[in-house]
Amino acid sequence: MEEAGGSQGHVGRLMSEADVFIRMPDGTRLAATLYLPESGGPWPALLEAYPYRKDDLSTGAAEYRRLRDEGSYAVCRIDVRGTGSSEGVATAEYPPQEQDDLCEVIDWLSRQEWCTGSVGMFGTSYSGFNTIQVAMRRPPALKAIIPIYATDDRYTDDVHFGGGVRKAMEFGYPLSMVSMNALPPVPSLAGEDWRRLWLKRIEELVPWFGSIEEQNDGPFWRQGSLRPHYDSITVPTMIVAGWADVYRNALLRMFEHLRVPKRLLMGPWCHMSPNDSIPGPRIDLVPEMIRWWDRWLRGLENGVDTEPPIAFFIRRSTPPEPDLREVRGGWRFEPEWPLARGRKLELPLRAASPGGPLEQTLAARGDVGTTAHIRGSYDPPYGLSIDQRPDEIHSLLYQWSVSEELEILGIPVLLATLRLSDPVAFLSAKLCDVLEDGTSVLVSRGILNLTHRDSHTTPEPVVPGRVFEVSLELDATSWVFEVGHTIRLAIAGSDWPNAWPPPEASELTVVLEGSRLFLPTVRGDHPIKERPRFLPVKEARGALSAGNQERVEPVWRIEHDIYARETRVVTHQLSRSSLAGRWSSWRTEDVRVGVKPLAPGDAWVESDVETEIAWPEVTARTNARLKLTSDPTTYYFDLVLDVFENDNLISTRHWETVTPRKLQ
C-alpha cells in the first residue's frame, strides 16, 4: 500500500484504483482509495469520508467508478480517523479533529500532479454531515459540495433527539459503531503491524453515546452544527433530500438560508440512495452530480445554475405499505423557497368538534406511535409508516373533509392551548390523510417535550393546572389531499418507539378555543411549466453497499404482552457480503424496545450487534450488547463489548452509567 506524505506531489505509479495512506501533521495515517481516470489528466478531485470501512463492510465502489469513468473525476474515498484501516481513535461523531483531517486531505488532493487544484466534497448521511462541516472551515481548494441526507443542526435534527425528546429506536446506530470500530484494520493494507494496531484500537475505543449525558442543547451539539451560521458556507451547494428521510426539515432550512449558488433535489425517498430508495420513484443521481461538478469545478456553462434551483417531487394520496415501492405524484420545478405563492390555511380545532366540549382530556399512553415506527425511514427493517388507526384509538382526533383538491408543501404548525397534570410531559401531533376506505395515511408528524417549549438549552417544567399556549412544528411535507378524503389531526402524549416515552402517564387537556392547525398550502398557477427530467435507474446501486451484498429476512414486529402489561417492538436484520479471494462478512442487528403503556416511565431498549469479517490472515468478530432502561427519574446504561480472534475471546470491555433524566 502506497504511503503519501503531506508534501508528496504524486502517489507512485498512476493506477485507475490505488490504496494509499495520507499522513496527517500529527503522524496519524488515514487510509484512502483513489479512483483515477486512465488518461486525459489532470482532473478535479472529489472527496467522500465515511466511518463505515471502505474496504469491506461498505465498499460501494460502483458510484466512484462512474464518477471517474463517466465524469472524468479523480475520486478519493477515505476512512475517517480511527475507523476502517485509518489509524488513530474515533472519539465521537464529527469531532473537530475529523474536520481538521479532512481539510488536510483536501489540501493534499489539490497538490497532486494529477489534480487541477479544484476539489469537491460529497456524501450521504455521516459523510453529508462532514461535507457541511468541512465547508464551514473554508479550505481554499474546496470549490463545491453535495450533501445528501444530512443536517444543519445536530440536536434538533439527528438520530439522537427530536423536539427535545430522546429517540428510543435509534440506539442500534451508535451500538453498531462500537461493533465496527472494534474490528481490525485490513491486514493486507495495514501491514505486519496490523494486530498491534488492532489491540491498541480495542483498548482506546470510545463508545459514541454522549447523548446519554448531553440531554439538552449546548456546546456538545453545537460542534458540527451549521445552524444558524449559514454564511460560513461560501461554495456552491447542491442539496439532496427526501420526504421520507429524517433530515428533510434541516435541508429545507439550509437551502433557504444559504447565500451561494445552490440547488435542491427533494424526492420521495427515505434514508436510502435515490437509486434504490423505498419509496420511489427512483432516479439516477450520478449524472446530476456530474453536472454540478462540471459547472463549479470545471467552469463549464452547462445550464445547471440557470435552470430553476428547486426540483420537488409532489406526493399524492397513496395507501401505506412498510416497503412501498412508489408513491403517487410527479416532479415540479420551483423558483424559490419559501414559495411566494404559499398560503397558510387555518383549521380551528373547535370547528372540527362543533357542539362538543370546549376542552378534551387524554391520559398519555406510553405505547402510542408503533404504527409510525421511526421518524425517518431506512432500508428494512426500518420501514415506512403503516395504517395509523391502531394508534388513533388512544389519541384525540380532529378532522376536516376535503371538498376540493388541496396541496400542502412545507411545514404544518399546530398552535395548541394546553393544560397538564404533571410538570414533564410530551405533545405528539400527526397529520393524516384518511382514504375513502377508512385507511389513515401518515403525512407528517411532530413531537415536543413541553419543558422545551421556549428553549432546548434551558428547559423549564410546566406548572400543573396552568393553561399555556405552545407552537409545534411538524415535519416538512409534500402532499395532495384528494376530493372525498379527510384531513385528520391526531394528538397524543407520546410517539413511541420513535421517541422515549414520558416519565408519567399524565393527563393532557386541549383547550379547543384558540387551538388551531396551520397547513402550508400552495395557491395559484405554477410559474414554471417545464418539468424536471431525470434519467431512470439502470440497476439498483446502494450508496453504501457492496455490489454483492445480500440482506436477509428483515423483521419488524409489534408485540402486546397482556399479562406483563407491556408493549414491545422488535427488529432484526442480517446482511452478508464478500469479495472473492479477499474477504467475506456478515452482520446482524437486533433491537428490542419495551414500555408499560400505563406506566411509561418504565421503558427499555436492548440492542445486540454482531459483526464478523474473514480475511486470509484472520477472522475477526465483535459482539456489542446494550441495555438502556429508565424509571421516571433515571436512565441506566449498560454496554458490553466482546472481541474475538478466530473464535477466541481476546477482549471484553464494559461501560456502565447511571444518569438523571433532565426534564426528559
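Scroll up to find the structure this text is about.
One structure accompanies this document, and this report is about it. (Residues numbered from 1 in each chain as written. Predicted model: local features only at pLDDT ≥ 70, side-chain atom pairs only at ≥ 80, totals over all residues. Heavy atoms only, no water.)

## Observations regarding unusual backbone geometry
A negative phi angle characterises most non-glycine residues, just as the trans form characterises most peptide bonds. The amide bond that connects Gly41 to the next residue, Pro42, takes the cis arrangement and shows omega of 5°. Within the secondary structure layout, Pro42 lies in the loop between β3 (29-35) and β4 (43-50). The omega torsion of the bond from Gly280 to Pro281 falls at 10°, within 30 degrees of zero and hence cis. Mapped onto the elements of the fold, Pro281 is located in the loop between β11 (262-267) and α9 (285-297). Even without being a glycine, Tyr94 presents a positive backbone phi close to 55°. Turning to its location among the elements, Tyr94 is positioned in the loop between β5 (74-79) and α2 (96-110). The phi torsion at Tyr149 lies on the positive side, around 50°, for a residue other than glycine. Position of Tyr149 among the secondary structure elements: in the loop between β7 (142-148) and β8 (161-162). Among the residues examined, Tyr149 registers a relative accessible area of 0% and is labelled buried. (Helix = DSSP H or I, 4+ residues; strand = E, 2+ residues; numbered from the N terminus. Buried < 20%, exposed > 50% of the residue type's maximum accessible area, 1.4 Å probe, protein only.)

## Some remarks on the sheet that holds strand β27 (residues 583-596)
As a general point, the strands of a sheet are linked pairwise by backbone hydrogen bonds and lie either parallel or antiparallel. Reading across the sheet, the 7 strands line up as β25-β26-β27-β28-β29-β30-β31 and stay open at both edges, with antiparallel pairing between neighbours. Each edge of the sheet is formed by a strand with only one pairing partner; in this case those strands are β25 (550-561) and β31 (648-660). In this sheet, adjacent strand axes meet at a mean angle of 5° when their direction is disregarded. The pairing of β27 with strand β28 (residues 599-614) spans 13 bridges and is classified as antiparallel. For Arg587, the partnering residue across the bridge sits in β28 and is Thr611. In the packing of helix α6 (residues 194-204) onto the sheet, the strands contacted are β29 (619-630), β30 (634-645) and β31, and the crossing angle to β31 comes to about 20°. (Pairing = 2+ DSSP bridges. Axes fitted to C-alpha atoms, helices over the stretch in contact; angles between N-to-C directions. Contact = heavy atoms within 4.5 Å.)

None of the figures reported here should be taken as evidence of function without further support.
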